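In case you want the letters, here they are:
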Amino acid sequence: MTERAGRANVVGLGLVGGSVATGLRARGWHVTGTDLDPARGADAVHRGAIDDIGLRPDADLTVVATPVAAVVAAVKEALASTTGWVTDVGSVKAGIAGEVADARFVPGHPMAGSEQHGLDGADGDMFEGAIWVLTPTAETSDAAFAAVAHVVSALGSEVVVLPPERHDALVAVVSHVPHLMAATMMALADERADEHVALLRLAAGGFRDMTRVASGHPAIWPDICAENRDAILDALDGLVRGLGETRAMVAGGDRDGLLARLEQARMARQNLPSRVATGVSLAEVRVPVPDRPGAAAEVFGLAADLGVNVSDFEVVHSSEGDKGVLILVIEAAHADYFRGGLRARGFRPGVRLLD
């Protein structure tokens, strides 16, 4: 279940765009790239991140990796200038999905990054083991979704499908607010360091782990906060309420309440989901894709809702005609309730245990 090498454009050659380009080239793709900074484009060629500078009209795929505020314009230009599929890597999706309605466009967001920025931090293996969220719209064709999902899988990521608005609400909690919290903690430590010279020298272990993301490139964050303002404010309000409750427990000496909160956090942290582990039993789920828009994306969306990890997949043609069959590999333990969920949505899945 591998993706054939093809021709790709990458628009925006920063950390993520450079990593996508490098990863595709390592897998045999011919990659053409553009950047607002001509020097960065030339540097990308020199480093071997891309083959040529430009926007190739006949590219199979164009990946837009600009700052989020510029994504919509870049996607529209790519759709007008090329004939292949188009996706983006912006960390906010609702605004983008709402402004671009095209069968060839699949909004996306790889949940991967680095403290470095620009081509210095670009790494073709950055997406290995990462979650890559796709947020197809009602207009996105199944063919476009399947093609982009295959590329994402070829780069080593697990495909998760979410509605754009739900993506933004969730990513505010797991990415955007943690970054703002880490930045706030670092600012507090920096201010206190003026009074206590030894403070930052003592900052080790948990503090360094908690604030690691604050070392990321700051220039992207004002745009992210503007584009996802409502979801970020809602998550910040929840954080402030939670900190207020914790403060009250500490101030009031509520040992039982504080212990319960810490235990809840500990258990939740231990129960964070992981990818399919080695050595587990697997099952193959074959799902004939009905002739309606967004059916393939709906299957992946159900998997995300049920917490089912899709470790591999492909789309093949049915012997009954030109309809597609989606073949997914999942943990065998999840097969029965995934099959039940699919049937409840009108699909006719078949399940086979794999040796």
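Caption draft 1: Spatial organisation of empty space enclosed by the protein. Tallied over the full model, the rule gives one cavity of 30 Å³ or more. Reported here for the largest cavity is a volume of approximately 50 Å³. Around the largest cavity, the lining residues are Val20, Leu24, Leu61, Val63, Thr87, Trp132, Val148, Val151, Val152 and Leu155. Mapped onto the lining of the largest cavity, the elements with two or more residues apiece are α1 (15–26), β4 (61–64) and α5 (142–154). Here the lining of the largest cavity is composed, by residue class, of nine nonpolar, one polar and no charged.

Caption draft 2: Inspection of the packing of aromatic side chains at higher detail. Evaluation of the coordinates by the stated rule reveals three aromatic pairs. Relative to Phe300, the ring of Phe145 lies with its centre 5.4 Å away and its plane at 65°, an arrangement referred to as edge-to-face. Of this pair, Phe145 sits in helix α5 while Phe300 sits in helix α12 (residues 295–306), placing them 155 residues apart in sequence. Judged by centre distance (5.1 Å) and plane angle (80°), the rings of Phe300 and Phe313 are edge-to-face. In this pair, Phe300 is assigned in helix α12 and Phe313 in strand β11 (residues 312–317), connecting sequence segments 13 residues apart. Phe313 shares its class with Phe300; the two are buried. Taken together, the aromatic side chains of Phe145, Phe300 and Phe313 make up a single cluster linked through ring pairs.

Caption draft 3: Layout of the nonpolar core. Counting 53 residues, the largest nonpolar core has Leu134, Phe300 and Phe338 as the members making the most contacts within it. Element by element, the count of residues in this core is highest for α12, at seven residues. Sequence-distant contacts of Phe300, that is, excluding residues within four places in its chain, are made with Phe145, Val159, Val161, Val310, Phe313, Leu326 and Leu328. In this structure, Val71, Ala74, Val75 and Ala78 belong to the second largest nonpolar core, which totals twelve residues.

The rules behind these values
Residues numbered from 1 in each chain as written. Predicted model: local features only at pLDDT ≥ 70, side-chain atom pairs only at ≥ 80, totals over all residues. Heavy atoms only, no water. 1 Å grid on protein atoms, 1.4 Å probe; cavity = no way out; pocket = protein on both sides within 12 Å on 5 of 7 lines; lining within 4 Å. Points joined across faces, edges and corners; volume = space filled by probe spheres on them. Helix = DSSP H or I, 4+ residues; strand = E, 2+ residues; numbered from the N terminus. Nonpolar A, V, L, I, M, F, W, Y, C, P; charged D, E, K, R; others polar. Phe/Tyr/Trp six-rings, centres within 6.5 Å; stacked < 30°, edge-to-face > 60°. Buried < 20%, exposed > 50% of the residue type's maximum accessible area, 1.4 Å probe, protein only. Core = buried A, V, L, I, M, F, W, Y, C linked by side-chain atoms within 4.5 Å. Contact = heavy atoms within 4.5 Å.

Function cannot be inferred from these measures alone, as they are strictly geometric.
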